[in-house]
Each structure stands twice: as C-alpha cells, then as structure tokens.
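Fold and contact review
This is what each chain is made of:
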Amino acid sequence: MFALYVLFLNSNLEVLGGIRGMTGLLWETSLLDPDEGICFRGLSIPECQKLLPAAKPYGKHLLKGLLWLLLAGKVQSKAQVDTLSQELCGRVVVPDYVFKAIDALPVLAHPMTQFAIGVMAL
C-alpha cells in the first residue's frame, strides 16, 4: 500500500535543534483517490455509509463513529459509539484553572501557544 518517497531532506543539526521549520510527523488517515474519491482508513464514503453505525436504521451515520474510525482505525458497533459519546459528553466542562492559565498568557501570545497551554493544563 505504501511506496518509498523522499519527502524532505533535513540535517542532523535541524533535528537536534528541535525540528523547527521541519515536518516531523506524517499522519495518514485519509486518501484522496482520483477515481474513487476520498477514503478514510481505506474505506470509501459509500463503504463508510454502509459500515458505520447510524442513529437509527438507514439513517445518517454517527459522526463519533467516524471519529473512532479515524483515531483507532476500526469500525465500532452503535453501542460502542454510544459509550464513546457518553464519555465525551462527560468531559465537556473545562475547569476554571484552564481558563486562568490561558488568561495569564501575554496578550500577543500566538493562538497555537494558547491552545497548547490550554491542552497541557487539562
């Protein structure tokens, strides 16, 4: 499925310097095929519509089922997706200390720095 391609040429000094300005990660969860269209973890959109659990029979598939497919690479049952949904709903409250950490940053802090600090504060 994968062929060897040279993506980037980088030196050891760039790596040792913290990989600033370099691509350091390749995460392939989807593929855009010119003939079949987009595939998620090897499944075309029609296959996803057939395999992913739906809220009701013959209804639209649940978005959290697609999330599970992208993150774990597996198609889950409706019961498993419902459990994931309950787990995610139980985590929607952001503690006050996270907002305090973000608010303590300089006004001109880069948005990605704010995001990273917020995630780390969790």
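Residues numbered from 1 in each chain as written. Predicted model: local features only at pLDDT ≥ 70, side-chain atom pairs only at ≥ 80, totals over all residues. Heavy atoms only, no water.

Examining the nonpolar core
Grouped together as the largest cluster of nonpolar side chains are six residues: Phe40, Leu43, Cys48, Leu52, Leu66 and Leu69. If near-sequence neighbours (up to four positions away) are discounted, Phe40 is found in contact with Thr29, Ser30, Ile45, Cys48, Leu66, Leu69 and Leu70. (Core = buried A, V, L, I, M, F, W, Y, C linked by side-chain atoms within 4.5 Å. Buried < 20%, exposed > 50% of the residue type's maximum accessible area, 1.4 Å probe, protein only. Contact = heavy atoms within 4.5 Å.)

Describing the packing of helix α3 (residues 63-72) against helix α4 (residues 78-89)
In the contact formed by α3 and α4, the axes pass within 9 Å of each other and the chain directions differ by 95°. For the element pair α3 / α4, the angle class is roughly perpendicular. Taking contact as the criterion, the partners of Lys64, Gly65, Leu67 and Trp68 in α3 are, on α4, Gln80, Val81, Leu84, Ser85 and Leu88. A per-class count over the contact of α3 with α4 returns five nonpolar, three polar and one charged. (Axes fitted to C-alpha atoms, helices over the stretch in contact; angles between N-to-C directions. Helix = DSSP H or I, 4+ residues; strand = E, 2+ residues; numbered from the N terminus. Parallel < 35°, antiparallel > 145°, perpendicular 65-115°, else oblique. Nonpolar A, V, L, I, M, F, W, Y, C, P; charged D, E, K, R; others polar.)

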